[in-house]
Amino acid sequence: MKQMFAAITMLCLAALPLRAEDARTGAVIGVIQSQLDAFQQDDFAKAFTFASPSIKRLFGNPANFERMVKNGFPMVWRPSEVQFLDFEDKAGQVSQNVLFRDAKGVPVVLQYIMVETETGWQIDGVVPVQAPDVAA
């Protein structure tokens, strides 16, 4: 009986890191999705709240941020499709890859660089990455 209890305990403990990883992944995806939802409502003031302190310093205000998003990342502002791909944590660098399709259906994968602040996860940058082979 003690051996069975020990085995069950070990299985439960082994699952804890996976649950913590799932919770962190869910929190990161939630932040990105919340920003995307704000973009869909043209609420750039709200979208700006999901940016990290360094991004806020870089752009200064929601109007500058809006111009950058509309001009540099139109597929994020008005995607025809969004699909969350790989979550990565490499030596403390947390990122989430997201596949976007623009209005013409062209796929683009963007890597969201995330930072954890005292208020939770925030977006610290977005960079294009090689898109996987996906049917248009």
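Quantities reported herein were computed from a predicted structural model and do not represent experimental measurements.

Novice: How would you sum up the layout of surface pockets? Please name residues and give values.
Specialist: Each pocket or cavity is described by its volume, and for the largest pocket that value is around 220 Å³. Taken together, 15 residues line the largest pocket, and the ones lying closest to its centre are Phe65, Met68, Phe73, Gly125 and Val126. When contributions to the lining of the largest pocket are tallied by element, the ones reaching two or more residues are helix H1 (2–40), helix H3 (53–59), helix H4 (62–72) and strand S4 (120–129). Across the lining of the largest pocket, the residue classes break down as 13 nonpolar, two polar and no charged.

Novice: Could you give an account of the nonpolar core, naming the residues involved and the relevant values?
Specialist: Phe39, Phe65, Val76, Phe100, Tyr112 and Met114 are the most contacted members of the largest nonpolar core, which totals 27 residues. Looking at this core, the elements with two or more residues in it are H1, helix H2 (44–48), H3, H4, helix H5 (74–77), strand S2 (93–101), strand S3 (107–117) and S4. When neighbours within four sequence positions are excluded, Val76 is seen to be in contact with Leu36, Phe39, Gln40, Phe100, Leu110 and Tyr112.

Novice: Kindly report on the side chain of Gln96, identifying the contributing residues and their values.
Specialist: Topologically, Gln96 is positioned in strand S2. We classify Gln96 as buried; its relative accessible area is 0%. A polar contact is formed between the side chain of Gln96 and the backbone oxygen of Asp86, at a distance of 3.5 Å. Not counting chain neighbours up to four residues away, the residues in contact with Gln96 comprise Thr25, Val28, Ile29, Ile32, Phe84, Leu85, Asp86, Phe87, Leu110, Gln111 and Tyr112.

Novice: Just give me the short version of the pairing of S2, but keep the residues and values in it.
Specialist: Counting buried positions along S2 gives eight out of nine residues, so the element sits mostly inside the fold. A loop of two residues connects strand S1 (residues 81–90) with S2, the two strands running antiparallel in sequence, and Ala91 in this loop sits at a positive phi of about 55 degrees. Between S2 and S3, which pair antiparallel one after the other, the connecting turn spans five residues, and Gly105 there sits at a positive phi close to 85 degrees.

Novice: So what's going on with the pattern of salt bridges? Which residues, and what values?
Specialist: Enumeration according to the criterion identifies five salt bridges in this entry. Between Glu66 and Lys70 there is a salt bridge, with its nearest N and O atoms 2.7 Å apart. Pair noted here: Glu66 and Lys70 are both in helix H4, with a separation of four residues, about one helical turn. The salt bridge partner of Glu88 is Lys90, with a shortest N-O separation of 3.7 Å. For Lys90, a relative accessible area of 56% translates into the label exposed.

Novice: With reference to specific residues and values, describe unusual backbone geometry.
Specialist: Even without glycine at this site, Asp42 takes up a positive phi of about 55 degrees. Position of Asp42 among the secondary structure elements: in the loop between H1 and H2. Its identity as a non-glycine residue notwithstanding, Ala91 has a phi of 55 degrees, on the positive side. In this structure, Ala91 sits in the loop between S1 and S2. By relative accessible area, Ala91 is classed as exposed at 90%.

What counts, and where the lines are drawn
- Residues numbered from 1 in each chain as written.
- Predicted model: local features only at pLDDT ≥ 70, side-chain atom pairs only at ≥ 80, totals over all residues.
- Heavy atoms only, no water.
- 1 Å grid on protein atoms, 1.4 Å probe; cavity = no way out; pocket = protein on both sides within 12 Å on 5 of 7 lines; lining within 4 Å.
- Points joined across faces, edges and corners; volume = space filled by probe spheres on them.
- Helix = DSSP H or I, 4+ residues; strand = E, 2+ residues; numbered from the N terminus.
- Nonpolar A, V, L, I, M, F, W, Y, C, P; charged D, E, K, R; others polar.
- Core = buried A, V, L, I, M, F, W, Y, C linked by side-chain atoms within 4.5 Å.
- Buried < 20%, exposed > 50% of the residue type's maximum accessible area, 1.4 Å probe, protein only.
- Contact = heavy atoms within 4.5 Å.
- Polar contact = N/O pair within 3.5 Å; in protein donor to acceptor, adjacent residues only side chain to side chain.
- Pairing = 2+ DSSP bridges.
- Salt bridge = Lys/Arg side-chain N within 4 Å of Asp/Glu carboxyl O.

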